[in-house]
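Take a look at the letters that make up each chain.
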Amino acid sequence: MIDGFGRSIDYLRISVTDRCNLRCVYCMPPEGVEWMDHEEMLSYEEIIRLCSLFAQVGIRKVRLTGGEPLARRDLPELVRGIHAIDGIESIALTTNGLLLQEQLPALLEAGLTAVNLSLDTLDRAQYAAITRRDALDQALSGLYAALDAPGLRVKLNCVPMGENDAQLVPLADLAREHDLAVRYIELMPIGLGGSLPRRTEEEVRAMLEAAFGPMTPCDESLGAGPGHYFTIPGFCGKIGFISAMTHQFCDGCNRVRLTATGFLKTCLQYETGRDLRTLLRDGSGDEVLLEAIRSAILHKPAQHHFLDATGRREDERHNMHQIGG
Ligand code: SAM
Ligand code: SF4
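Fair warning: this is a prediction, and the values are worked out from it, not measured in the lab. (Residues numbered from 1 in each chain as written. Chains lettered and ligands numbered in written order. Predicted model: local features only at pLDDT ≥ 70, side-chain atom pairs only at ≥ 80, totals over all residues. Heavy atoms only, no water.)

Right, let's get into the UniProt feature "binding site: GTP" (unreviewed entry) in the protein chain. Within the UniProt annotation, "binding site: GTP" (unreviewed entry) is assigned to Arg13, Arg63, Thr94, Lys155, Arg255, Val256 and Arg257. Cross-referencing the annotated residues with the lining of the second largest pocket gives Lys155. Looking at where arginine 13 falls in the secondary structure, it is placed in strand β1 (residues 11-15). The residues touching arginine 13, leaving out its near neighbours within four places in the chain, are Arg63, Thr65, Thr94, Arg255, Val256, Arg257, Leu258, Gly324 and Gly325. In this fold, lysine 155 is placed in strand β5 (residues 153-158). Judged by its relative accessible area of 8%, lysine 155 is buried. (UniProt positions renumbered as here; feature names shortened; annotations may be inferred. 1 Å grid on protein atoms, 1.4 Å probe; cavity = no way out; pocket = protein on both sides within 12 Å on 5 of 7 lines; lining within 4 Å. Helix = DSSP H or I, 4+ residues; strand = E, 2+ residues; numbered from the N terminus. Contact = heavy atoms within 4.5 Å. Buried < 20%, exposed > 50% of the residue type's maximum accessible area, 1.4 Å probe, protein only.)

Encoded structure:
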C-alpha cells in the first residue's frame, strides 16, 4: 500500500508485550513500571487475524518486538501462525537475547528468519549498570546461539550513549570473525531517551575508523530497515548505522507499528494512529478493519521532528518498551 506521501508500506513491527526482564536506562525508569493487564494485550489469535489483513494491504515483512518478546509465553506459536499467512515473506525478532538460546530451536522450526539482538557493551559491570541486571552471559549465549544457527540473519544493535564509548570498538570487532551486522542506533528522544547523552553517527564512525582504518560504504541494503552499511577490510560482517537524528530517513520510511494493546501507530514520534483492538473486540468484520488500516496508513505523518526544541500536542509520551522500538 502507498501512503499519503507516496511511500510504499510493506513492513509491520508488532510489539507483543510491554513486559521485560531488563530495565535499560533509556527505556524504563529505575523504579519499574506498572504493567498493562493481560486482557489489554492482543491475544495471538487477534494478532494473527490482523496480520492476515495487513498482508492483504501489502505488508510483506513482520518484526516481533516488545518489551521483551521472548518474555511472552509460547512465542513460537505466534511465529508459526504468522508464517502461515499468504504474502508474509519474513518474520524477524528484536530481543535482548536473554531467553534466546533456549527458545531458538522452536522459533526456527516455526519459521523465524532473522534476529536483531540488542547489546550495548561487552563489559559485565557496565552491562549491569545499563540494563540494571547482571545478565551479560545470558545475552551472549543468545547471541552465539543465533550466530550458530544456519541461514539465520543476525544483527547486533548498540545504542551509543557516551558511557559505552570504550565498548564501541570491541562490539564492532565481533563482525571481524562473524557474519554479523553490528549496528549503532542514535538514541532518540522518546521517553527516557530524551534525557540521556547520545553519540552521533559521525562521532562513532570516527572512533571506529581510528581503530580499524577507513570504512567503505556498501550499497547492499540488509533487511527491511533504514540502516546504511560499511565494510572494513578483513571483516566478515558489516558495520551499520541507524541515524534518525543526523541522517533523517523519513522519506523512505516503509513501516507501521502495532502496539501490544492493538494500536496501529504510524510514526514513532506521534501518538496518532488507530485503535484496532476496539474494532476487533466489538465484532467488526474484515472490511471494517481493512478500511481502518488503509485510512491510518494513508494519514501516516510525513516525518518526525526530533530536532525541534518544542514538543507538539500529539507527540508520543510512552516509553520505548510500550512501543517496541
Ligand atoms: N527488548 C527488546 C530489545 O531490547 O531488543 C525489544 C524491544 S526494545 C524497545 C527495541 C530496541 O529499541 C532496542 O534495540 C533498544 O536498544 C532500542 N531503544 C530503546 N529506547 C531507545 C531510544 N530512546 N532510542 C533509540 N533506541 C532505543
Ligand atoms: Fe527491555 Fe528492550 Fe527496553 Fe531494554 S530496551 S528495557 S531489553 S524492552
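Bringing the packing of aromatic side chains into the picture now. Counted under the stated rule, the structure contains three aromatic pairs. Arranged with centres 5.8 Å apart and planes meeting at 35°, the rings of tyrosine 184 and phenylalanine 241 form a pair that is tilted. Taken together, the residues span a long stretch of sequence, with tyrosine 184 in strand β6 (residues 181-185) and phenylalanine 241 in strand β9 (residues 238-242) at a distance of 57 residues. Given the relative accessible area of 2%, tyrosine 184 is considered buried. Ring centres of phenylalanine 212 and phenylalanine 235 lie 5.1 Å apart, and the angle between their planes is 70°; this geometry places the pair in the edge-to-face category. Taken as a pair, phenylalanine 212 in helix α7 (residues 201-212) and phenylalanine 235 in the loop between β8 (228-231) and β9 lie far apart in primary sequence, 23 residues in all. In this structure phenylalanine 212 comes out as buried when scored by relative accessible area, which is 18%. Through a chain of ring-to-ring contacts, three or more aromatic side chains come together here, namely Tyr184, Phe230 and Phe241. (Phe/Tyr/Trp six-rings, centres within 6.5 Å; stacked < 30°, edge-to-face > 60°.)

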